[in-house]
Amino acid sequence: MSASKRIGILTSGGDCAGLNAVIRSVVYRAVGGYGWEVVGIRNGTEGLLTRPVAAESLELSRFTGEILRRAGTILGTTNRGDPFDYEMPDGSRRDRSDEIIEGIGELELDALIGIGGDGSLDILRRLAIKGGINLIGIPKTIDNDVGATEISIGHWSAVTVATEALDHLQPTAASHSRVMVLEVMGRDAGHIALTAGIAGGADVILIPEVPYSIESVAKKIRQVMTRGRNFALCVVAEAVKTEEGQPVRMAHGGGKSTYGGIGHYIGERISEATNAETRVTVLGHLQRGGPPTARDRLMASVFGVHAVDLIANERFDRMVAWQNRDVVDVPLAEAVVRYKAVDPEGALVRTARGLGISLGD
Ligand code: F6P
């Protein structure tokens, strides 16, 4: 057994299903396996800005059977507030990275595990370099756009929710002879739309990586209808732009906005171009809040154990990853610079085309 250690863990960025399963895996391996202490930091890097630092020791006894199955994160998280360019309540901006580093110092950690997407992992890595912190990253995001890993925690649960949404939309579409448009998340990548669209039997899938025209989408819908079907299913990734190339975003006040609304734009254009009765569903955060699927629980368990083993072997500044049916680890720097969008020539795009699904091009 390696010498006793005290390690920290935090979740950062948007939540997703499977985060609690990662925390459980880390606690099982570190506390149960190595006999170390695990300190859970609250609300991502926000918890390191408060004094005393918002953190608690994570005991094995807390991880009863239920936490593995629960979405969200028992630690809380944030997807706001880059500590290097932190927005203060009065609207001014300040570099608060030194406060975070001090906060980590207060906890007297031997190492820190950060569970995050590409943005959060990049911030954590910059903090680790500046503060001499022994960091290990675990990739999570429903968007599945983190480089150097085939899978990030949360993605398959989101895909499952989106696929089930198509399962629920199909009977009502058929009953009313309608075109159903489903807008899904994914930030700048179309992974959720493409994967769920194939699995859920969509006729049209629009993703930001493949340019589209409404005429081409309308042609596909007319074709579906004239070939004896009375409904059609379209999946649209939230980052798809208007035909004129304008991003569609929802304002949240204070100059902040997120993607949202392209589904309604596409629905209206389809209805104008085809005369079809069209309805739009925006799936939103339902994609993040459901129980983790078996695959996400499995990946969470694999990543958590491997992350702790990296610390035991004193191999830092690395991200755990899934490649070629195996768990590996890669330099964090490599993961954060290699953004992973959908490959327009890749297997899933070829599969969609092979099935006759229109990508709108
Ligand atoms: O990155 C995860 C994600 O769910 C994106 O797919 C989406 O665009 C964004 O976060 C939504 O963020 P928020 O939780 O701030 O609405």
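Described below are features of the structure shown in this document. Just so you know, the residues in each chain are numbered from 1, in the order the chain's sequence is written. With the structure being a predicted model, the display of local features is reserved for residues of pLDDT at least 70 and the display and counting of side-chain atom pairs for 80 or more, all residues being used for whole-chain, interface and lining totals. As a convention, hydrogens and water are excluded, and side-chain values are obtained from all of the structure's heavy atoms.

Each cavity reported here is a set of points on a 1 Å grid over the protein atoms alone in which a 1.4 Å probe fits but cannot get out, each pocket an open set with protein on both sides within 12 Å along at least five of seven lines, and each lining residue one with an atom within 4 Å of a point. Grid points are joined across faces, edges and corners, and a volume is the space filled by probe spheres set on the points. When its volume is computed, the largest pocket comes out at roughly 1200 Å³. As for the largest pocket, its lining consists of 46 residues, and the residues nearest its centre are Gly14, Asn79, Arg80, Arg187 and Thr258. The secondary structure listing takes helices from DSSP runs of H or I that are at least 4 residues long and strands from runs of E that are at least 2 residues long, numbered from the N terminus. Those elements that provide at least two residues to the lining of the largest pocket are α4 (118–131), β8 (178–184), β11 (249–251) and β12 (257–259). Sort the elements by how many residues they give to the lining of the largest pocket and α4 lands first, with five residues. When its volume is computed, the second largest pocket comes out at roughly 420 Å³. In this structure, the second largest pocket is lined by 22 residues; those nearest its centre are Asn144, Glu150, His191, Lys340 and Leu348. Elements that contribute at least two residues to the lining of the second largest pocket include exactly α5 (155–176), α6 (191–199), β14 (318–323) and α12 (347–354). For this classification, Asp, Glu, Lys and Arg are treated as charged, while Ala, Val, Leu, Ile, Met, Phe, Trp, Tyr, Cys and Pro are nonpolar and the rest, including Gly, are polar. For the lining of the second largest pocket, the class distribution of residues is 10 nonpolar, seven polar and five charged.

For two strands to count as paired, DSSP must find a minimum of two bridges between them. With parallel pairing, the four strands of this open sheet are ordered in space as β9-β10-β8-β13. The open sheet has two edge strands, β9 (204–206) and β13 (277–282), and neither has a second partner. Here the strands of the sheet are splayed against their neighbours by 15 degrees on average, with no regard to which way each runs. Strand direction decides the pairing type here: β8 and β13, joined by six bridges, are parallel. The residue of β13 that forms the bridge with Arg178 is Glu277. Residue contacts are counted whenever heavy atoms from the two residues lie within 4.5 Å of one another. Angles here are taken between N-to-C directions and fall from 0 to 180 degrees, while the axes themselves are lines fitted to C-alpha atoms, restricted in helices to the stretch in contact. Where helix α8 (residues 262–274) meets the sheet, its contacts fall on β8, β9, β10 (232–237) and β13, and the angle it forms with β13 comes to roughly 170 degrees.

Between Arg51 and the following residue, Pro52, the backbone shows a cis peptide bond with an omega angle of 0 degrees. With a phi close to 70 degrees, Asn275 is a non-glycine residue in the positive phi region. Of note in the backbone geometry, Glu314 takes a positive phi value of approximately 55 degrees without being a glycine. In this fold, Glu314 is placed in the loop between α10 (294–312) and β14. Using a 1.4 Å probe on the protein chains alone, a residue whose accessible area is under 20% of its type maximum counts as buried, one over 50% counts as exposed, and one in between counts as partly exposed. Glu314 gets classed as exposed once you look at its relative accessible area, which sits at 52%.

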